Each structure stands twice: as C-alpha cells, then as structure tokens.
Amino acid sequence: MGNSDIRRLDREIQATTKKLEAVRRGEWWPLNGSERRAMARALAGGSYRAAKGRSTGRAEQQMDTTGSAAEMRLNAELTALHAERQRLITEAARAKAAKKSSGWW
C-alpha cells in the first residue's frame, strides 16, 4: 500500500509543480475553466478598449488577479499533496516499526 501510493503522490506533486511554474510564466494551459473564461473576458475587454484608444488598466489588473488566484490554488494543492505524502510515509514507518517489535527476535 505505502510505496505505490507514495509514488503516485510523487507524480502528482511533480505535475502540480510543473503547472505552478507554467502559471508563473503566464501560460494558460494549467488554468481551470472559470479561470480561462475570466482571462479570455479580460483579454477581450482590454483589446476592445485598446482598439478604441482607451486605457487597458482594469483588464490588465483582472488578468493579474486571475493569474495570482490560479497560483494560490496550485500552491494550496501542492501543500495538501505534500502533507498527504508525509502522512503516508509516517503511517508506513509506524506499520514497519510495529511489525518489527511484534517479532520474537
């Protein structure tokens, strides 16, 4: 139970770390649906205002806010995955210690 679950969590941690780095670079592929819609909405509104010759400050601020919200979400996922991994490691160590101490020698 322990090793396969830990390996699975390690893969998920790696994937989430890659997503977090991509969001920090400004890529859209790791965003979820609502975040993508918010980015597209802000992009469309900003381009419309730029075409009219007006300021795009609010649209840029909305895109920054959406990006930082996605970054916070991925950080929370990463923290939860690390905590779960640590719990599994501790549980496996306890089981191993109990098995050793229950032996005759």
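Residues numbered from 1 in each chain as written. Predicted model: local features only at pLDDT ≥ 70, side-chain atom pairs only at ≥ 80, totals over all residues. Heavy atoms only, no water.

Caption draft 1: Broad picture of the environment of S102. If you trace the backbone, S102 turns up in helix 3 (residues 57-102). Take S102: its relative accessible area is 59%, and that puts it in the exposed class. With 92 residues separating them along the chain, S102 and D10 place their C-alpha atoms 31 Å apart. (Helix = DSSP H or I, 4+ residues; strand = E, 2+ residues; numbered from the N terminus. Buried < 20%, exposed > 50% of the residue type's maximum accessible area, 1.4 Å probe, protein only.)

Caption draft 2: Representation of helix 3 in the model. Taking 1.5 Å as the rise per residue, helix 3 with 46 residues should run 68 Å; its terminal C-alpha atoms sit 67 Å apart, in good agreement. Listed as buried for helix 3 are A59, T66, G67, A70, L74, L78, L81 and L88. (Expected span 1.5 Å × (residues − 1).)

Caption draft 3: The environment of H82, seen in detail. Tracing the sequence through the fold places H82 in helix 3. Sequence separation between H82 and I13 is 69 residues, and the spatial gap between their C-alpha atoms is 7.4 Å.

Purely spatial values, then, with no claim about function.
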